[in-house]
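Structural features, examined
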Amino acid sequence: MADIRNTFVGIKSPNPFWLASAPPTDKAYNVERAFKAGWGGVVWKTLGEEGPPVVNVNGPRYGAIWGADRRLLGLNNIELITDRDLQTNLREMKQVKMNWPDRALVASIMVPCDEESWKAILPLVEETGADGIELNFGCPHGMSERGMGSAVGQVPEYIEMVVRWCKQYTRMPVITKLTPNITDIRKPARAAKAGGTDAVSLINTINSITGVDLDSFAPQPTIDGKGSHGGYCGPAVKPIAMNMVAEIARDPETHGLPISGIGGITTWRDAAEFMALGAGNVQVCTAAMTYGFKIVQEMIAGLENWMDEKGHASLSDIIGRATPNVTDWQYLNLNYVAKAHIDQDACIKCGRCHIACEDTSHQAITSMVDGVRHFEVIEAECVGCNLCVNVCPVEGCITMEPLAAGALDQRTGKPVSPIYANWTTHPNNPMAKVAAE
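On a predicted model such as this, the values are computed, not experimentally measured, just so you know. (Residues numbered from 1 in each chain as written. Predicted model: local features only at pLDDT ≥ 70, side-chain atom pairs only at ≥ 80, totals over all residues. Heavy atoms only, no water.)

1. As for the nonpolar core
Across soluble globular proteins, you tend to see nonpolar side chains buried next to one another. Our working definition: Among buried residues, the Ala, Val, Leu, Ile, Met, Phe, Trp, Tyr and Cys ones that are joined through side-chain atoms within 4.5 Å form a nonpolar core. Each residue's exposure class comes from its accessible area (1.4 Å probe, protein chains only) as a fraction of the maximum for that residue type: buried when under 20%, exposed when over 50%, partly exposed otherwise. Secondary structure elements are taken from DSSP: a helix is a run of H or I of four residues or more, a strand is a run of E of two residues or more, and numbering for both begins at the N terminus. The contact rule is simple, with two residues in contact once any of their heavy atoms fall within 4.5 Å.
Formed by 79 residues in total, the largest nonpolar core has its most connected members in Trp39, Val125, Leu202 and Leu303. Examining the composition of this core, we find that seven residues originate from one element, helix H7 (residues 238-250), more than from any other. Residues in contact with valine 125, not counting those within four places in the same chain, are Leu47, Leu90, Ala107, Ile109, Ala130, Ile133 and Met172. Among the nonpolar cores identified, the runner-up in size contains 14 residues, and Ile342, Val377, Cys388 and Cys392 belong to it.

This is the structure we're talking about:
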């Protein structure tokens, strides 16, 4: 059986599945239930400084995007950090850690961007026995208007400054949670590393409005006729999150910096993909809110079964394995040629491939052959875009088949070259690098 025990910046947990800082981790009751279900760790919902707790809205807090089958694809929330008293949270955290010493318990923290506020809260959290802290530099709504959350996460200099304070005033590992609401995710990651962070976690939620009520003309969720932007999460953000994880993992300036992957993780496969791109563990929120805490049992079983099937003995066998295969477009092999192929036995003759190709691509799929409804790839027109693969409703019916070196590409009338070539040396590139003689 594959060993999925996880050690992340020295924090041990029985598996790499942690619950992210969010409503599911707001109190001991939830966290205890999560641990009983099998979660390896939690990041406690974000704590604020001592004093009057923050005030949340009392109406709807979530907006949603659904697929055609009503499956939840994206969730927008306008909830703030914990609205419970700090001391109550700290007492519960201490008791939970005592009850579950083998599980990871990390405290998410957000306080004003001044040294004394961070200096004051860190020893209070440390006294709970928490395994580490996560700096919430990502919340895009409510708290950011107060100079916290993404208002800090969008300024690399502030990130570095706060991380330095935290490393100075606590013994606990520091995980810096990054906002995706920024042009280049590498900049805040570099700043966090410069400040001495032990790891980064990403992504936090994306600024969003998920819908507008066309009767009241107010954004959703609607509070007394008004709406606000919120944080978007769920399966829909997974591609954005994976790209940002990969950018940090392959950046020479942050290479080797531990990453906790967050964003749309719903299945064991999602988790494995994040880890293959460089994440040392993963955090989950929306999937638990959609399906309940026991979904982790499917994640654990699925990951173990896949690792056993592939011969991966431990998580170290897969973490970062895909990172070297992520490259810039300019380095992709322009001499690689693939053509679409339709399995006639699997084809249900719906015609979606033909319509997509005919109307929006390269007119490379027939609709009729010899007066009979028949869908077949016209190799002389196929550019290998694979749109047809993605619109076909039958999985595996259309595949992309690479042409062997020396085979004739009917579209160009030239044999496929066995030599790797990319845009940096292409004759059409005005900035092409000429090989030295």
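Read on for the rest.
2. Focus: the sheet that holds strand E3 (residues 17-19)
Selection rule: In short, DSSP must find at least two bridges between two strands for them to pair. Geometry is summarised by axes, namely lines fitted to C-alpha atoms with helices restricted to the contacting stretch, and by angles between N-to-C directions that run from 0 to 180 degrees.
Here we have eight strands rolled up into a closed barrel, ordered E3-E4-E7-E8-E9-E10-E15-E16, and parallel in their pairing. When the angles between neighbouring strand axes are averaged without regard to direction, this sheet yields 25°. Bridging between strand E8 (residues 132-136) and strand E9 (residues 174-177) involves four bridges; their strand directions are parallel. Across the sheet, leucine 135 pairs through a bridge with threonine 176, a residue of E9. Of the strands in this sheet, strand E4 (41-47) and strand E7 (104-109) touch helix H2 (residues 86-99), which is tilted by about 170° from E4.

3. A look at the packing of aromatic side chains
Selection rule: Think of it this way: a Phe, Tyr or Trp ring, Trp meaning its six-membered ring, pairs with another when their centres are within 6.5 Å, and the plane angle makes it stacked under 30 degrees, edge-to-face over 60, tilted otherwise.
In total, this model carries four aromatic pairs according to the counting rule given. Here tryptophan 118 and phenylalanine 137 contribute two aromatic rings whose centre-to-centre distance is 6.5 Å and whose plane-to-plane angle is 75°, an arrangement assigned as edge-to-face. In this pair, tryptophan 118 sits in helix H3 (residues 115-126) while phenylalanine 137 sits in the loop between E8 and helix H4 (150-153), placing the two residues 19 residues apart along the sequence. When its relative accessible area of 2% is taken as the criterion, phenylalanine 137 is described as buried.

4. Focus: the pattern of salt bridges
As a reminder of what qualifies: One side-chain nitrogen of Lys or Arg within 4 Å of one carboxyl oxygen of Asp or Glu is enough to make a salt bridge.
Taken as a whole and assessed by the stated rule, the structure comprises 18 salt bridges. In this structure, arginine 5 engages aspartate 3 in a salt bridge whose closest nitrogen and oxygen atoms are separated by 2.9 Å. Residue aspartate 3 is classed as partly exposed on the basis of its relative accessible area, which comes to 29%. Where salt bridges share partners, they join Lys45, Arg61 and Glu79 into one cluster.

5. What about the sheet that holds strand E11 (residues 206-208)?
Reading across the sheet, the four strands line up as E5-E6-E14-E11 and stay open at both edges, with antiparallel pairing between neighbours. Two strands bound the open sheet, and with one partner strand each, they are strand E5 (62-66) and E11. Shown here is a sheet whose adjacent strand axes are inclined to one another by a mean of 35°, direction ignored. Pairing of E5 with strand E6 (residues 72-77) involves five bridges; the strand directions are antiparallel. In the strand pairing of E6, tryptophan 66 is matched with leucine 72.

6. Points about the packing of H3 against helix H5 (residues 156-169)
Which entries qualify depends on this criterion: Any angle between 65 and 115 degrees counts as roughly perpendicular, while under 35 counts as roughly parallel, over 145 as roughly antiparallel, and the rest as oblique. Handedness of a crossing is defined here by the sense of rotation of the near helix relative to the far one, left-handed for an anticlockwise turn of less than a right angle and right-handed for a clockwise turn. Throughout this entry, Asp, Glu, Lys and Arg are counted as charged residues, while Ala, Val, Leu, Ile, Met, Phe, Trp, Tyr, Cys and Pro are counted as nonpolar. The remaining residues, Gly among them, count as polar.
Between H3 and H5, the shortest axis-to-axis distance is 9 Å and the interhelical angle comes to 40°. If you check the angle between H3 and H5, you find them oblique. By crossing handedness, the relation of H3 to H5 is classed as right-handed. Across the interface between the two elements, Glu115, Trp118, Lys119, Leu122 and Glu126 of H3 pack against Val162, Trp165, Cys166, Gln168 and Tyr169 of H5. Residues belonging to the contact of H3 with H5 are distributed by class as follows: six nonpolar, one polar and three charged.

7. Thoughts on the pairing of strand E10 (residues 199-202)
The condition that has to hold: Call a crossover right-handed when, viewed with both strands pointing away from you, the route from the first strand across the helix to the second goes clockwise.
The side-chain alternation of E10 yields two buried faces, one formed by Ala199 and Ser201 and the other by Val200 and Leu202. Relative to E10, E9 is paired through three bridges, and the arrangement is parallel. Considered in E10, the bridge of threonine 176 is made with valine 200. Once you follow E9 into helix H6 (residues 186-194) and on to E10, the crossover reads as right-handed. Where E10 and strand E15 (residues 259-262) come together, three bridges link them in parallel fashion.

8. A closer look at the pairing of E6
Taking burial as the measure, the six residues of E6 include five buried ones, the bulk of the element. With antiparallel pairing between neighbouring strands as the criterion, E5 and E6 make up a hairpin whose turn holds five residues, including arginine 70 at a positive phi of roughly 70°. Pairing geometry for E6 and strand E14 (residues 230-233), over three bridges, is antiparallel. Across the sheet, asparagine 76 pairs through a bridge with tyrosine 232, a residue of E14.

9. A short note on the side chain of asparagine 422
Our working rule: Polar contact is the term for a pair of N or O atoms within 3.5 Å; when the atoms are in protein, one must be able to donate a hydrogen and the other to accept it, and sequence-neighboring residues count only if both atoms are side-chain atoms.
With respect to the secondary-structure elements, asparagine 422 resides in the segment after strand E22 (414-415). Of the polar contacts made by the side chain of asparagine 422, one reaches the side chain of tyrosine 420; its length is 2.7 Å. Here threonine 424 takes part through its side chain, which lies 2.4 Å from a polar atom of the side chain of asparagine 422. Beyond its immediate chain neighbours, meaning those up to four positions away, asparagine 422 contacts Gln330, Tyr331, Leu332 and Leu334.

10. Side note on the side chain of histidine 374
Among the structural elements, histidine 374 can be located in the loop between strand E19 (372-373) and helix H12 (387-391). When residues no more than four places from it in sequence are discounted, the contact partners of histidine 374 are Gln344, Thr366, Ser367, Met368 and Val369.

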